[in-house]
Amino acid sequence: MIPSDGFVVYVALSEFMAVQRISIWQKAPQLVLSALLIATVAVPLGCRPRDGVGNTDVKVLDSYRGDVYRSLDPPKQFDAASSRIISHIYDPLLDYHYLKRPYELTPNLLESMPEIGEDKLTYTFKLRKGIKFHDDPCFSGGKGRELTADDVLFTIKRFADVNVNPQSYPALLQNRIKGLDEFREKTRQQKDLDYDQENIAGLEKVDEYTFKIVMIEPDPLLLMSFATNALSIVPKEAVEKYGRKLEHHAVGTGPFTLAKNPRKGVMVLKKNPNYHGTYPTEGDPDDQSQGLLTNAGEQLPFVDEVRIPLIEEAQPRMLKFLSGELDSIGIDRDNFTKMAEKVSNEFQLKGKFAKQFNISSVDALSSFYITINFRDKVFGQNKVLRQALAYALDTPAYIEKMENGRGHTLNTIVPLPIAGSEQSVSVQWYSHNLQKAKAKLKEAGYPEGKGLPPVVILYGSQDNITRQNHEFLRAQLAKSGIQLKGEFLSFSDYLGRKEGGSFQLASGGWRADYPDAENFYQLFYGPNKAPGPNDGSYQNPEFDRLYEQMRRMPAGSERNQIIEKMALLLKADVPVVFLKAPISVGMRQKWLLNSKPNLMLGSTAKFLDIDTEMKAEGLK
């Protein structure tokens, strides 16, 4: 659902990019780095044999994961690593069209898009008949049963249970469905509620395949919540049988089943032969000529198996891609210089790499920043000190030197392709100015940084890339007199510290749950403070008032005016310091078919196909 692991850039450039961590501040020992680069060059492209070579009867998609997932239970996950795996196995009610842009909601488990009633408050949903859960011991006889309206209502209630989901409810369903917030408060007082005995005014079962949802007020964004992985449908039998073990044992209706799940080894997913989905029959104007509609209307998925090893470092991943052991990859900073280049505003591969592989790039739907904890005694009550930090950072230099120019500076929290971004509001963020940074530091009570203790920033990774990114940041801030100290944690520990509000600064990032500015501004809404998505616990009553006014408004100039006021408040208060909106750039093998970047889908594996003969030849 949501990435938030700091100076780790998640690249969700369709399945071929997987969820990839690229660089920032990489300070590896030079000897090691040189050895890795030499090794990269020394590997003959596409020439390493491995298991399965020559077997053209089985289509295997070779992907990877850069992080250990946190939980495979949909309402409990709050990170990109988990969300991506969940999207292979579970289904939400709605989805985003694979090919059409701008992104367009489509029915997934539904016969058609939900219909709104005359009261403008009631949606009627009709499930497709015949959709079945995966076979699993939790069901009678081990056979997956048919999906019904009861499963959806159970899933929504469980999603709202504060004991199950302390984090993503505020962002997706709070203040939206009649009676659901009251139900959530009841779960706070009474654990282990019997959901079947709890009637919620805004949830109504009509028949086995039909249900209604009644909103508190007209809400043009509500349906987008039902396209998120966190609201994927989970059967009651699986919850009752597995309990907390469901975090590692998935039972959904999705295109793949979980066959092997070592926490740090090669995860294996198998094709669900009963999957309900088909390949789209229409797309953008160029999709036909690009071969993206060759499989129009065919049954999904096309591959028989997905292999997902855990490969945390960039160079080993690149070595495997070059040898043909991965079908796609994001390009890390060091290899980008050697393999690719930016020409005008386009990215292209160099020399032999252009002959061997395909390249693709797209503006990511994510923002990266440094979160400032308002509970911290030093920064929380000192706005001028926070402004000094904003002036001290040179983000254009960071993007150019640490990201090979693969990113945009940000003037607001909203990435450029999303409605309500700086393309529709007039706000300018702080420009790097060392003199102003020093002046603000003096005004804040710390002339030349004297008296200011070292500032500690939290990272959600311990790899070389993150450490090098930190070194870059440390050197920049030192010029203004701010001494920075890094604390490098496992991703799980990092999330725990942020949820507990136990940090001073923290690297941070947010990828869109849905393509609207509201999803980013809710990160600063007071009631969403930690352990909610407002993990810096920023509070400004005027901001909250504007947010509440904006969030249910239809898109348009009136709404943009309010967004602009909110952006200006954030600039004045500086709850975060912006770093960048990334541009995702990746390579894929020429045998990978149907690949088109789609940043709203957690995984696009079900749409991808493999030319097995070409792949077998390439692996010899």
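Refer to the structure presented above.
Described below are features of the structure shown in this document. These numbers come from a predicted model, not from an experiment.

## Remarks on the overall build of the protein chain
Next, step 1: Scanning the protein chain from N- to C-terminus turns up 20 helices and 24 strands.
Next, step 2: For a compact globule of 620 residues, the expected C-alpha radius of gyration is about 25 Å, and the protein chain comes in at 24 Å, within 12% of that figure.
Next, step 3: Across the 620 residues that make up the protein chain, the buried fraction comes to 62%.
Next, step 4: Counting contacts in the protein chain only where the partners sit at least 6 residues apart, residues at least 24 apart contribute 73% of the total.
Next, step 5: Of note, the protein chain has its 78 positive side-chain charges centred 6 Å away from the centre of its 78 negative side-chain charges.

## Some words on unusual backbone geometry
Next, step 1: The amide bond that connects Arg-101 to the next residue, Pro-102, takes the cis arrangement and shows omega of 0 degrees.
Next, step 2: Summarising the element assignment, Pro-102 is placed in the loop between β4 (94–96) and β5 (105–107).
Next, step 3: Phi angles above zero are rare outside glycine, and Ser-344 is one such case at about 55 degrees.
Next, step 4: Note that Ser-344 resides in the loop between β14 (340–343) and β15 (346–349).
Next, step 5: Judged by relative accessible area, Ser-344 falls into the exposed class, the value being 66%.
Next, step 6: Although it is not a glycine, Asn-594 sits at a positive phi angle of roughly 70 degrees.
Next, step 7: Classification of Asn-594 as buried rests on a relative accessible area of 6%.

## A short note on the sheet that holds strand β10 (residues 256–260)
Next, step 1: Sheet architecture is open: 4 strands sit in the order β3-β12-β11-β10, paired in mixed fashion. Edge strands, defined here as strands with exactly one partner in the open sheet, are β3 (60–62) and β10. Geometrically, the sheet is characterised by an average inter-axis angle of 25 degrees between neighbouring strands, direction not taken into account.
Next, step 2: Bridging between strand β11 (residues 266–271) and strand β12 (residues 305–309) involves 5 bridges; their strand directions are antiparallel. Pairing of Leu-269 across the sheet is with Val-306, part of β12.

## Some points on the packing of helix α18 (residues 541–550) against helix α19 (residues 557–573)
Next, step 1: Relative orientation of the contacting elements α18 and α19 amounts to 155 degrees, with a least axis distance of 10 Å. As judged from the angle between their axes, α18 and α19 are roughly antiparallel. Crossing of α18 against α19: the hand is left-handed. Two secondary-structure elements touch here, α18 through Glu-542, Phe-543, Leu-546, Tyr-547, Gln-549 and Met-550 and α19 through Arg-559, Ile-562, Ile-563, Lys-565, Met-566, Leu-569 and Leu-570.
Next, step 2: When its residues are assigned to classes, the contact of α18 with α19 shows 9 nonpolar, 1 polar and 3 charged.

Each value, and the rule that gives it
Residues numbered from 1 in each chain as written. Predicted model: local features only at pLDDT ≥ 70, side-chain atom pairs only at ≥ 80, totals over all residues. Heavy atoms only, no water. Helix = DSSP H or I, 4+ residues; strand = E, 2+ residues; numbered from the N terminus. Rg over C-alpha atoms; globule rule 2.2 N^0.38 Å. Buried < 20%, exposed > 50% of the residue type's maximum accessible area, 1.4 Å probe, protein only. Contact = heavy atoms within 4.5 Å. Lys, Arg positive; Asp, Glu negative; His and termini not counted. Charge placed at Lys NZ, Arg CZ, Asp CG, Glu CD. Pairing = 2+ DSSP bridges. Axes fitted to C-alpha atoms, helices over the stretch in contact; angles between N-to-C directions. Parallel < 35°, antiparallel > 145°, perpendicular 65-115°, else oblique. Left-handed = near helix turned anticlockwise from the far one by under 90°. Nonpolar A, V, L, I, M, F, W, Y, C, P; charged D, E, K, R; others polar.

Function cannot be read off these values alone, since they describe shape.
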